[in-house]
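The lines below spell out each chain.
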Amino acid sequence: MRDVAVIGTGCTTFGEKWNSSFRNLFVEAGILALEDAGVAGEQIDGLYVGNMSAGRFVEQEHIGALIADYAGLASHHIPATRVEAACASGGLSFRQAVIAVASGMEDIVVAAGVEKMTDVASGASVDALAGAADREWEGFVGATFPGLYAMIATDYMNRYPLTREQLAQVAVKNHYNGARNPIAQFRQEISIDTVIKSSLVADPLRLFDCSPITDGAAAVVLAPLERAREFTDTPIKVLASAQASDTITLHDRRDISTLDATVAAGRRAFAASGLSTTDIDLVEVHDCFTIAEICAIEDLGFCRKGEAGRMTWEGATALNGDIPVNTSGGLKACGHPVGATGIKQVFEVVQQLRGEAGKRQVEGAEIGMTHNVGGTGATVAVHILGV
Ligand code: COA
């Protein structure tokens, strides 16, 4: 297997992007990534696109070919593949691209993610998202994603010492970081009161405990490490790529407050890289809801079960803390265009490792991790990147 490096990245701003079509979003992110890498279209050997539900959101399927076509690559006939794993589509698209380069099958590969969610009413988008759970056993009986994560939060709060204020602090921190990120959907700081007094969505989760509905796209360019310096002075190495799966329904899990797929993917990533949590300088975790960030920090091993609330409250996960979590603003404040999120996490870590994260720069960051979840934890992708 060959070592793999990220040689370029690009990302649109995230939000309600009425002036951009689905395909325009992708093309914008793709051009930014290719320009950043100094790569021309005809040099691309493969394209992987993470997308969860364009069929429901914009009534468009056959995304791989569409994207290659509108990126101006149709005449090059490159292999273009859509990757779908609900909200982990981006993370898996990145992993497929890593595998393609590592195996020697392809050299210059684009991994991207795109979702245009706001062209349908929010009820329709919530229903489309519910397709990432088990439609027969969860969706048909009314379990939406806020509802499922509310069950996780209720179970967690019954068993572990997590206060309502500590949970709210996840959102407060992520909005603080998002306010310093030019691509973020929400760029305003908030207080604990903003969260606790916001409208109830699914008890105990309130509006500001939830990630929003978002349009956006992100792309990264990969190359074999041995060729990376042909394109950039600052290649970022892929130190580990791991994936795990679990039952699709929450009620079939051993323990609904521990995402076993996160535990498994995290352990595999650490084993593959020979690193441990103390080596990680920052981590982008899948905070689709505030409780998801609490579980992720613990399930990846950054603290013991039941400690993440206190850790968050004491500032250990803040920009200047021991282990900065979601420096981009996370899904909560940066936004969550589901198919693009896993690639945006890589985009953020690369910016940090290159020292280009501006007001949210983690000083001296050399190793970063991404954690991307599909559904309530039925698919998890974890990557470790380093300078
Ligand atoms: N955080 C903060 N503010 C939010 C928000 C969020 N997550 N979502 C919407 N808002 C704001 C909007 O900006 C808008 O503000 P304005 O009135 O000042 O313009 C207001 O709340 C109403 O927005 P609207 O789009 O009508 O919200 P909604 O009630 O239809 O949807 C949620 C809110 C929380 C239900 C929706 O964002 C949601 O379902 N989120 C979860 C998405 C999800 O499940 N993703 C997959 C996870 S695995």
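Conventions used here
Residues numbered from 1 in each chain as written. Predicted model: local features only at pLDDT ≥ 70, side-chain atom pairs only at ≥ 80, totals over all residues. Heavy atoms only, no water. Near = heavy atom within 4 Å. Polar contact = N/O pair within 3.5 Å; in protein donor to acceptor, adjacent residues only side chain to side chain. Areas by Shrake-Rupley, 256 points an atom, 1.4 Å probe, with all protein chains shown as cover. Phe/Tyr/Trp six-rings, centres within 6.5 Å; stacked < 30°, edge-to-face > 60°. Buried < 20%, exposed > 50% of the residue type's maximum accessible area, 1.4 Å probe, protein only. Lys NZ or Arg CZ within 6 Å of the ring centre and 35° of its normal. Helix = DSSP H or I, 4+ residues; strand = E, 2+ residues; numbered from the N terminus. Pairing = 2+ DSSP bridges. Axes fitted to C-alpha atoms, helices over the stretch in contact; angles between N-to-C directions. Contact = heavy atoms within 4.5 Å. Salt bridge = Lys/Arg side-chain N within 4 Å of Asp/Glu carboxyl O. Domains from an automatic or database assignment. Buried area = accessible area lost by both parts, 1.4 Å probe. Core = buried A, V, L, I, M, F, W, Y, C linked by side-chain atoms within 4.5 Å.

Not every one of the 16 residues close to the ligand is listed here, only the nearest: Ser122, Leu129, Cys210, Ser211 and Lys332. Within the contact set of the ligand, an oxygen atom lies 2.7 Å away from a side-chain nitrogen or oxygen of Ser122. At a separation of 3.5 Å, a nitrogen atom of the ligand approaches a polar backbone atom of Pro212. Out of a free accessible area of 930 Å², the ligand has 64% covered by protein chains.

Applying the stated rule across the entire model yields 3 aromatic pairs. Between Tyr156 and Tyr160, the aromatic rings sit 4.8 Å apart at their centres with planes inclined by 45°, giving tilted as the arrangement. Tyr160 shares its class with Tyr156; the two are buried. By way of ring pairs, the aromatic residues Phe145, Tyr149 and Phe289 are connected into one cluster. The side chain of Arg23 reaches across the aromatic face of Tyr70, ending 4.3 Å from its centre. The ring of Tyr176 carries Arg180 above its face, with NZ or CZ at 3.6 Å from the centroid.

So, about unusual backbone geometry. A cis amide bond links Asp203 to the next residue, Pro204, at an omega of 10°. Inspection of the secondary structure assignment puts Pro204 in the loop between strand S5 (200-202) and strand S6 (205-206). Backbone geometry at His62 places phi at a positive 60°, although glycine is not the residue there. By the secondary structure assignment, His62 is in the loop between helix H2 (54-57) and helix H3 (63-70). At Ala86, a position not held by glycine, the phi torsion is positive, near 55°.

Take the sheet that holds strand S7 (residues 215-224) next. Strand order in the open sheet formed by 9 strands is S3-S2-S4-S7-S1-S8-S11-S10-S9, and the pairing between neighbours is mixed. Looking at strand neighbours, the two that pair on one side only are strand S3 (80-83) and strand S9 (282-284), the edges of this open sheet. Each strand of the sheet is rotated relative to its neighbour by a mean of 25°, with strand direction disregarded. As paired elements, strand S10 (residues 367-374) and strand S11 (residues 379-386) share 8 bridges and run antiparallel to each other. When the sheet's bridge partners are listed, Thr370 is paired in S11 with His383. Those strands touched by H3 are strand S2 (46-50) and S3, and its axis lies near 130° from that of S3.

Bringing the pattern of salt bridges into the picture now. What the rule picks out here adds up to 24 salt bridges. Close ionic contact of Asp246 with Arg253 constitutes a salt bridge, the shortest N to O distance being 3.6 Å. The class of Arg253 is buried, set by a relative accessible area of 9%. In this structure, the salt-bridge partner of Glu307 is Arg304, at a minimum N-O distance of 3.3 Å. Look at Glu307 and you get partly exposed, because its relative accessible area is 21%. Note on Arg304: relative accessible area 62%, which makes it exposed.

By the assigned domains, the protein splits into domain 1 (4-121 + 214-236) and domain 2 (133-210 + 237-386). Put simply, the middle of domain 1 and the middle of domain 2, counted by C-alpha atoms, are 23 Å apart. Counting residues at the interface gives 47 residues for domain 1 and 35 residues for domain 2. Buried area between domain 1 and domain 2, both sides added, is near 3000 Å², and the carbon and sulfur share of it is 68%. Per-residue buried area on domain 1 facing domain 2 is highest for Phe14, Cys87 and Ile236; these three make up 25% of the total on that side.

Turning our eyes to something else, we now look at the side chain of Ser20. Relative to the assigned elements, Ser20 resides in the loop between strand S1 (4-11) and helix H1 (22-37). Ser20 gets classed as buried once you look at its relative accessible area, which sits at 16%. If we ignore the near neighbours within four places in the chain, the residues touching Ser20 are Leu25 and Lys116.

A word on the nonpolar core. Tyr149, Ile280, Val283, Ile291, Phe302, Met369 and Ile384 are the most contacted members of the largest nonpolar core, which totals 61 residues. Per-element accounting of this core gives the leading share, 7 residues, to helix H6 (residues 145-159). Looking at which domains feed residues into this core, each of domain 1 (4-121 + 214-236) and domain 2 (133-210 + 237-386) supplies at least three. Not counting chain neighbours up to four residues away, the residues in contact with Ile291 comprise Tyr149, Ile152, Ala153, Tyr156, Leu162 and Leu167. Among the nonpolar cores identified, the runner-up in size contains 37 residues, and Tyr48, Ala100, Leu222 and Val346 belong to it.

Taken together, the buried positions of helix H5 (residues 122-130) are occupied by Ser125, Ala128, Leu129 and Ala130. In this fold, the buried residues of H5 make contact with H2 and H6.

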